[in-house]
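Descriptive structure summary
In case you want the letters, here they are:
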Amino acid sequence: MPQGAGPSSGEQAKQHALAQLRQAILHGEMAPAQRLVENELAERFGVTRASIRAALIDLEAQGLVERIRNRGSRVRVVSVEEAVAITECRMVLEGLCAAKAATLATDEQIGELKDIGTAMTKAVADGEPLTYSDLNHELHARVREFSGQRTAVELLERLNAQLVRHRFQLALRPGRPQRSLNEHLAMIETIEARDPQAAETAVRAHLASVIEALSD
């Protein structure tokens, strides 16, 4: 068992395997349609096959893994059509969070958003799309956090986890970061202006642009 991995079986082991698997999928270390072999994963994470199986069941419920009859589990493939449908749902929930953040965010929190905006601008100027993608993800996460809307946050975390592959692909598309930068800066400006309606409109406009890009 790897040093520091903790117990090899039981609930703690399952949670360890779940966290490691989820992180590997979200970071692109495990590609869509990649088979998830229980024996290999058990050895990799120093837990029992039962712990891996339980973790895979949880990941299936989160929409990250699919179990195929008589063939085991694999990383779930999210089609473009489904990605568009998920983003349409995000428009409503992220718009709500932006409106709430415009009302509830502290001056210090708004300063954090502005700092992220500055870093995003630099990433675009320096031609670093993956850095920009990470900052994009961080900005949306901060807006959700500052909204105080826990129910929306929980729903969005599940939805966004399923869009990892598409997010990376869009970030690497020529010209896409430059276009989305202005959309993100508009989000920050409307939250800073304490204008809930404008903040919601800015987020919806940005995600409408994402849908357009996904559909191209």
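Residues numbered from 1 in each chain as written. Predicted model: local features only at pLDDT ≥ 70, side-chain atom pairs only at ≥ 80, totals over all residues. Heavy atoms only, no water.

Right, let's talk about helix H8 (residues 164-172) for a bit. The complete set of buried residues in H8 reads Val164, His166, Leu170 and Ala171. Buried residues of H8, seen end-on, are gathered within an arc of 165° and therefore sit on one face of the element. The inward-facing, buried residues of H8 contact helix H1 (11-26), helix H4 (80-104), helix H6 (129-147), helix H7 (150-161), helix H9 (176-192) and helix H10 (196-215). (Buried < 20%, exposed > 50% of the residue type's maximum accessible area, 1.4 Å probe, protein only. Helix = DSSP H or I, 4+ residues; strand = E, 2+ residues; numbered from the N terminus. Arc of directions from axis to C-beta. Contact = heavy atoms within 4.5 Å.)

It is worth spelling out the nonpolar core at this point. In this structure, Leu113, Met120, Tyr132, Leu139, Val143, Ile191 and Leu214 are the most contacted members of the largest nonpolar core, which totals 39 residues. Sorting the residues of this core by element identifies H4, helix H5 (107-125), H6, H7, H9 and H10 as the ones contributing at least two each. It is H4 that contributes the most residues to this core, 9 residues altogether. Ranked by size, the runner-up nonpolar core spans 22 residues in total, among them Ala13, Leu18, Ala42 and Leu59. (Core = buried A, V, L, I, M, F, W, Y, C linked by side-chain atoms within 4.5 Å.)

On to the state of the cysteines, then. Scanning all chains against the criterion turns up 0 disulfides. Take Cys89: it sits in no disulfide, and the sulfur closest to it among the cysteines is that of Cys97, at 14 Å. (Disulfide = S-S within 2.5 Å.)

Reported here for the largest pocket is a volume of approximately 650 Å³. Taken together, 32 residues make up the lining of the largest pocket; nearest its centre are Arg90, His137, Asn160, Leu163 and Arg167. Contributions of two or more residues to the lining of the largest pocket are made by H1, H4, H6, H7, H8, H9 and H10. Sorting elements by how many residues they give to the lining of the largest pocket places H6 first, with 9 residues. When grouped by side-chain class, the residues that make up the lining of the largest pocket number 14 nonpolar, 10 polar and 8 charged. The volume enclosed by the second largest pocket comes to roughly 200 Å³. The wall of the second largest pocket is formed by 16 residues, among which Ile25, Pro32, Val75, Val164 and Arg165 lie closest to the centre. Taken together, the residues of the lining of the second largest pocket sort by class into 11 nonpolar, 3 polar and 2 charged. (1 Å grid on protein atoms, 1.4 Å probe; cavity = no way out; pocket = protein on both sides within 12 Å on 5 of 7 lines; lining within 4 Å. Points joined across faces, edges and corners; volume = space filled by probe spheres on them. Nonpolar A, V, L, I, M, F, W, Y, C, P; charged D, E, K, R; others polar.)

Looking down a regular strand, the side chains alternate between one sheet face and the other. The pairing of strand E1 (residues 35-36) with strand E3 (residues 72-75) spans 2 bridges and is classified as antiparallel. Paired with Arg35 across the strands is Arg74, a residue of E3. Here strand E2 (residues 65-68) runs beside E3; their pairing, made up of 4 bridges, is antiparallel. If you follow Arg67 over to E3, its bridge partner there is Ser73. Where E2 folds back onto E3 in an antiparallel hairpin, the turn is made up of 3 residues, including Asn70, whose phi is positive at roughly 65°. (Pairing = 2+ DSSP bridges.)

A positive phi angle, close to 80°, is found at Ala33, a residue other than glycine. Looking at the secondary structure, you find Ala33 in the loop between H1 and E1. One non-glycine residue, Arg194, lies in the positive phi region at around 60°. Along the chain, Arg194 falls in the loop between H9 and H10. A residue is classified by how much of its surface remains accessible, and Arg194, at 32% relative accessible area, is partly exposed.

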